[in-house]
Amino acid sequence: MYEGDVLAGNWRRPGKGKIPKVPAELDLVVEDADSGFCGAVVGCDKEAVTLEDRFGKRRLFPLAPAAFLLDGKPVTLVRPAAAPRQPAGPRRSASGSIAVEGLRARVARESRIYVEGVHDAALVEKIWGHDLRVEGVVVEYLEGVDDLPAIVAEFGPEPGRRLGVLVDHLVPGSKESRIAAQITSPDVLVVGHPFVDIWQAVKPSVLRIPAWPDVPRGVPWKEGVIAALGWRVEPADAWRRILGAVSTFTDLEPELLGRVEELIDFVTEASS
């Protein structure tokens, strides 16, 4: 629920400076105050913004003053400023590596990296996608690690055909750590981060929140986070907001950065 009735009173014509102006950056999730249509920004020009909801439906709205709600509060969307000119020197990828200009993706190696879910895969692709294409490494997602020993056996790791696995919440005593301990092949590397969910690997400051909320036991973690933050969105829309706020490796916690780099090195070193 919103804090108070945002539609009460003359809210469209407040005093000067009352309604913040927010750049309509791609993937920013807002709600049209008149129609209630909620979606992510997929395009913006000097006069209008295009929103796409979670069902893929798109609508065009004028950039009128105080026409949208962000986290339940009125805002005025404005066209984002043009990207600054890049300084001279080698261009860097999102992971911080030197970008390969005119890259043609390498033929995929037999080695693979597996991650737990589609959100993990999307985040890895956004930050390390360039590096993975340079190296010819494919990332696939598992939808959980409960069946990891069987999945590894089916993959058939061997020298030159390595498997790297990134696991959420890989801490001593966890279910994930017990499953990972069953993997003994020298051609498989299972590493993980301490976070309950990959969402927590994004620094809170990137999302302008003080910290990731503590979710009580028995409450689905994603839904608990959304409720605690007061976001009126579904988990898929929340993830779009989170992923949209990430642009470079500096937006992620080091506990994730080191593990992904470790996996890329592992699956490429034996078949280079």
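In case you missed it, the structure is sitting above this.
Since this is a predicted model, take the numbers as computed values, not measurements. Chains are numbered independently. Their residues run from 1 in the order of the written sequence. Totals for whole chains, interfaces and linings use all residues, but because this is a predicted model, local features are given only for residues with pLDDT of at least 70 and pairs of side-chain atoms are given and counted only at 80 or more. As a convention, hydrogens and water are excluded, and side-chain values are obtained from all of the structure's heavy atoms.

Caption draft 1: Representation of the overall build of the protein chain. Across its full length, the protein chain holds six helices and 11 strands. Buried residues are those whose accessible area, probed at 1.4 Å on protein chains only, stays under 20% of the maximum for their type, while exposed residues exceed 50% and partly exposed ones sit between those limits. The buried share among the 272 residues of the protein chain stands at 43%. For the protein chain, the proportion of contacts with a sequence separation of at least 24, taken over those separated by at least 6, is 65%. The Shrake-Rupley method, run with a 1.4 Å probe sphere, supplies the accessible areas, and residue values consider only the shown protein chains as cover. Of the roughly 15100 Å² of accessible surface on the protein chain, a fraction of 52% belongs to carbon and sulfur atoms. To qualify as a helix, a DSSP run of H or I must reach at least 4 residues; to qualify as a strand, a run of E must reach at least 2; elements of each kind are numbered from the N terminus. In what follows, residue pairs with any heavy atoms lying within 4.5 Å of each other are defined as contacts.

Caption draft 2: The arrangement of the sheet that holds strand β8 (residues 112-115) in detail. What the four strands build is an open sheet, ordered β9-β8-β10-β11; its pairing is parallel. Of all the strands in the sheet, just β9 (138-141) and β11 (188-192) have a single pairing partner and so form its edges. Sheet twist, expressed as the mean angle between neighbouring strand axes with direction ignored, is 20°. Note on pairing: two strands pair once DSSP finds at least 2 bridges between them. Note that strand β10 (residues 163-167) and β11 share five bridges and pair parallel. Looking across to β11, one finds that V167 is bridged to G192. In this description, a line fitted to the C-alpha atoms serves as the axis of each element, helices being fitted only across the stretch in contact, and the angle between N-to-C directions of two axes falls anywhere from 0 to 180 degrees. Helix-sheet contacts for helix α6 (residues 254-269) involve β8, β10 and β11, and the interaxial angle to β10 is about 165°.

Caption draft 3: Quick look at the side chain of T268. Within the secondary structure layout, T268 lies in helix α6. Under the relative-accessibility criterion, T268 is labelled buried at 7%. Filtering out sequence-adjacent residues up to four positions away, T268 remains in contact with R109, E135 and V137.

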